[in-house]
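Notes for the structure review
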Amino acid sequence: MAPEFLVTHSGGFHADELLSSVVLTRLFPAARLVRTRAPEWIAPGTDRIIYDVGGAYDPDAGIFDHHQRGAPLRDDGQPFSSFGLIWRRFGCDYLAAFGVPAGDIEAVHAKFDMDFVLPVDLMDNGALSPSAAGQMAKLTLPTLLETLKPVFDDRAPDADDRAFHAALSIARTFVEATLAQSAAKLRAESVVRQAIELTGDGHVLELPMGMPFRPAIVKSGADHLLFVVHPRETDWCLTGIRRSSEGFELRADLPAAWAGLTGKDLEAASGVTGATFCHNGRFIAAAKTREAALDMARIAVSQALA
């Protein structure tokens, strides 16, 4: 039976209960979100889920706190926040409600847990400092969400609740966008794998549209691929393939003679009618037509292999 109430603590808020609320309000849209520390509310009941407050972790009783002695830890000994506990219990249900295909739920759940949930858990528990991000410290998501708290001298009785609900809307946007991107990457991998099979031993991978391609290329062991070609809204794109996920070194650069050229100058330098642009960094180029883009790719492969 769906809960009637989603109960978390009142007062100042942190990223963990905000992000927990994103998950729970999506799954239980008819439930009323109650922010309180009143004992009668944070006592377990069949009509509620309690999180980030209550002093216990008991999923069967619907209570998900992490502040007490003996709070649960991950298998590797790292701490949970309420977000991690809620994600562990409700994350797969949330992904199903979000429309992630059943076959992708496990992979998306695990990736989101590692990349998004775990850092929030660690930061909330003091196991990871925002300072680890260096000059980006003030731009980490937990820090940014906390800047949405009311200022200290806003004495309006509903100030905290108003700020919480405003922050909840923003947090929801980040969660949903991150998950949508993760699910899309899995869809892209399927398309790219099929294109790799069609390409065979060729060095140029043609895709039906722009999409993430490197993960599928790496997983497929397609080390022979050097360039990717795909259509855009009004033209065609030719791009290199990075050697690693870190850094910008490519398997092969576009020809040096094309660097920074556009229009007629690029047509003259490349010998390809319809060539329109080559970035000075030699990692991406454009052409008016598919044929022109493929011609540019063939020339780039020839020079790279030479």
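Preceding block: the structure.
Heads up: these notes are all about the structure in this document. (Residues numbered from 1 in each chain as written. Predicted model: local features only at pLDDT ≥ 70, side-chain atom pairs only at ≥ 80, totals over all residues. Heavy atoms only, no water.)

**Focus: the sheet that holds strand β1 (residues 5–8)**
Reading across the sheet, the five strands line up as β2-β1-β3-β5-β4 and stay open at both edges, with mixed pairing between neighbours. With one partner strand each, in any of the chains shown, β2 (32–35) and β4 (57–58) form the two edges of the open sheet. As defined by bridge partners, strand β3 (residues 48–51) adjoins strand β5 (residues 63–64) across two bridges and the pair is classed as parallel. Bridging from a neighbouring strand, Ile50 pairs with Ile63 of β5. Set on the sheet, helix α1 (residues 15–27) makes contact with β1, β2 and β3; between it and β3 the angle comes to about 160°. (Pairing = 2+ DSSP bridges. Helix = DSSP H or I, 4+ residues; strand = E, 2+ residues; numbered from the N terminus. Contact = heavy atoms within 4.5 Å. Axes fitted to C-alpha atoms, helices over the stretch in contact; angles between N-to-C directions.)

**As for unusual backbone geometry**
The backbone of Asp52 sits at a positive phi, close to 65°, despite the residue not being glycine. Checked against the element boundaries, Asp52 lands in the loop between β3 and β4. Taking the relative accessible area as the measure of exposure, Asp52 reaches 4% and is therefore buried. One non-glycine residue, Arg282, lies in the positive phi region at around 65°. Relative to the assigned elements, Arg282 resides in the loop between β9 (275–278) and β10 (284–287). According to the relative accessible area criterion, Arg282 is partly exposed, its value standing at 26%. (Buried < 20%, exposed > 50% of the residue type's maximum accessible area, 1.4 Å probe, protein only.)

**A closer look at the pairing of strand β7 (residues 227–231)**
Counted residue by residue, β7 has four buried out of five residues, so it is predominantly covered. Pairing analysis gives three bridges linking strand β6 (residues 204–206) to β7, with the strands arranged parallel. Opposite Val204, over in β7, you have Phe227 as the bridge partner. Each parallel crossover has a hand, and for β6 linked through helix α6 (residues 214–219) to β7 it is right-handed. With five bridges connecting them, β7 and strand β8 (residues 236–240) associate as antiparallel partners. Note on β8: the bridge partner recorded for Val228 is Thr239. Joining the antiparallel neighbours β7 and β8 is a turn of four residues. (Right-handed = clockwise from strand over helix to strand, strands pointing away.)

**Points about the sheet that holds β6**
In any sheet, the strands associate via hydrogen bonds between backbone groups, in a parallel or an antiparallel arrangement. Spatial ordering of the open sheet is given by β6-β7-β8-β10-β9, a layout of five strands whose pairing is mixed. Two strands bound the open sheet, and with one partner strand each, they are β6 and β9. Ignoring strand direction, the axes of neighbouring strands in this sheet form an average angle of 20°.

Purely geometric stuff here, so don't read any function into it on its own.
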